[in-house]
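Residue-level structure breakdown
Given next are the chains, with one letter for each unit.
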Amino acid sequence: QVQLVESGGGLVQPGGSLRLSCAVSGTIFSSHAMGWYRQAPGKQRELVARISSLGSTNYEDSVKGRFTISRDNAKNTVYLQMNSLKPEDTAVYFCNGLMYDRTAFVWGQGTQVTVSS
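Residues numbered from 1 in each chain as written. Predicted model: local features only at pLDDT ≥ 70, side-chain atom pairs only at ≥ 80, totals over all residues. Heavy atoms only, no water.

What to know about the packing of aromatic side chains
- Across all of its chains, the model carries 2 aromatic pairs by this definition.
- For the ring pair Y37 and W107, a centre distance of 5.0 Å and an interplane angle of 90° mean the geometry is edge-to-face. In this pair, Y37 is assigned in strand 4 (residues 33-39) and W107 in the loop between strand 10 (102-103) and strand 11 (111-115), connecting sequence segments 70 residues apart.
- Note on F94 and W107: the rings are 5.8 Å apart at their centroids and 75° apart in plane angle, and the pair reads as edge-to-face. Residue F94 is found in strand 9 (residues 91-99), and its partner W107 is found in the loop between strand 10 and strand 11; the two are separated by 13 residues along the sequence.
- By relative accessible area, which is 28% here, W107 ends up partly exposed.
- Through a chain of ring-to-ring contacts, three or more aromatic side chains come together here, namely Y37, F94 and W107. (Phe/Tyr/Trp six-rings, centres within 6.5 Å; stacked < 30°, edge-to-face > 60°. Helix = DSSP H or I, 4+ residues; strand = E, 2+ residues; numbered from the N terminus. Buried < 20%, exposed > 50% of the residue type's maximum accessible area, 1.4 Å probe, protein only.)

Here it is, written out as structure tokens:
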């Protein structure tokens, strides 16, 4: 089965930075578009960044200019560099494959990002 393992979250002050990683196993990683999602308490999970199998990227407006998604196909890993973090970025962050704009795999455990002074 496909496994998704997110890491890199933590507690950071407003304006700080974090780099999240998502290690993918059990599939042909390079063939998948990948996305980063986040879910805050009481809110719907939302897609915040997407990277295609060819490396093109898309971002939700609220994170555009602050977050950067990237992938390393040799390492089967997707990254999310998060800069200028705001309290409203606080959420559990998940990665997943995207197929026909739907998630392809079972969700991993996510990684908690807390932005607070």
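With respect to unusual backbone geometry
- Positive phi, normally seen in glycine, also occurs at S84, with a value near 50°.
- Along the polypeptide, S84 turns up in the loop between strand 8 (77-82) and strand 9.
- Residue classification places S84 among the partly exposed positions, given a relative accessible area of 41%.
- Phi at Y100 is positive, roughly 55°, even though this residue is not glycine.

Some details on the state of the cysteines
- One pass over the full model with this rule turns up 1 disulfide.
- One disulfide bridge connects C22 with C95, the sulfur atoms lying 1.8 Å from each other. One quick way to see it: the torsion about the S-S bond of C22 and C95 is about 55°, and its sign makes the bridge right-handed. In this pair, C22 is assigned in strand 3 (residues 18-25) and C95 in strand 9, connecting sequence segments 73 residues apart. A single burial state applies to C22 and to C95, both of which are buried. (Disulfide = S-S within 2.5 Å.)

A few points about the sheet that holds strand 8
- With antiparallel pairing, the 4 strands of this open sheet are ordered in space as 1-3-8-7. Only two strands of the sheet have a single partner each, and these edge strands are strand 1 (3-7) and strand 7 (67-72). Between one strand axis and the next, the sheet turns through 15° on average, direction left out of account.
- With 5 bridges connecting them, strand 1 and strand 3 associate as antiparallel partners. When the bridges of strand 3 are listed, S7 appears paired with S21. (Pairing = 2+ DSSP bridges. Axes fitted to C-alpha atoms, helices over the stretch in contact; angles between N-to-C directions.)

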